[in-house]
Amino acid sequence: MNEKIKTTYIEANYMREIQPYMAYFRAIEEVFDFSILDDFADLGCNNGCLLNILHKKYPHIDILGLDYFEWAKKHADASIREQIKIADLGLPYDFTKNYSIVNC
């Protein structure tokens, strides 16, 4: 793990409020028709709050979350925890498929 990154971010920041994610989700929901989408990736997903909101409303969508820190996954809702992968996005990442929407 990169020491500069490790000291810049703290685990307490991964337990954020849901309201900003709800507002953001409502905004992107006005742009995209999620009812017809198959998949969605969130790069730098934090604790997966956005993914959790999306999964609850559109359970048919295949979701992927990527974050740098293990604690992101630790603080994620159990219903989406396995869809969060830990990766350094400064390095190549082998996506197994293309995603309809990639949020970053």
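Above this text sits the structure in question.
My aim in this report is to walk through the structure given alongside it, one point at a time.

**As for the side chain of lysine 73**
Thinking step 1. Here lysine 73 lies in helix α4 (residues 70-74).
Thinking step 2. We note that lysine 73 is buried and unpaired, the nearest opposite charge coming from glutamate 82 at a distance of 4.5 Å.
Thinking step 3. Side-chain polar atoms of lysine 73 contact the backbone oxygen of isoleucine 84, separated by 3.1 Å.
Thinking step 4. Residues in contact with lysine 73, not counting those within four places in the same chain, are Arg81, Glu82, Ile84 and Ile86.

**Quick notes on the nonpolar core**
Thinking step 1. Of all hydrophobic cores here, the largest spans 19 residues; its most connected members are Phe25, Phe34, Phe40, Leu51, Leu54 and Ile61.
Thinking step 2. Mapped onto this core, the elements with two or more residues apiece are α2 (19-31) and α3 (49-57).
Thinking step 3. Here this core takes five residues from α3, the largest share from any one element.
Thinking step 4. With residues near it in sequence (within four places) discarded, phenylalanine 25 still touches Phe34, Leu50, Ile53, Leu54, Lys57 and Tyr58.
Thinking step 5. Among the nonpolar cores identified, the runner-up in size contains six residues, and Leu43, Leu64, Leu66 and Ala87 belong to it.

**Brief notes about the pattern of salt bridges**
Thinking step 1. In this structure the tally under the stated criterion is three salt bridges.
Thinking step 2. When the shortest N-O distance is used, the salt bridge between aspartate 39 and lysine 97 registers 2.9 Å. With aspartate 39 in strand β1 (residues 39-43) and lysine 97 in the loop between β3 (84-86) and β4 (101-103), this pair connects stretches of sequence that are 58 residues apart.
Thinking step 3. For aspartate 39, a relative accessible area of 8% translates into the label buried.

Each value, and the rule that gives it
- Residues numbered from 1 in each chain as written.
- Predicted model: local features only at pLDDT ≥ 70, side-chain atom pairs only at ≥ 80, totals over all residues.
- Heavy atoms only, no water.
- Helix = DSSP H or I, 4+ residues; strand = E, 2+ residues; numbered from the N terminus.
- Buried < 20%, exposed > 50% of the residue type's maximum accessible area, 1.4 Å probe, protein only.
- Lys, Arg positive; Asp, Glu negative; His and termini not counted.
- Salt bridge = Lys/Arg side-chain N within 4 Å of Asp/Glu carboxyl O.
- Polar contact = N/O pair within 3.5 Å; in protein donor to acceptor, adjacent residues only side chain to side chain.
- Contact = heavy atoms within 4.5 Å.
- Core = buried A, V, L, I, M, F, W, Y, C linked by side-chain atoms within 4.5 Å.

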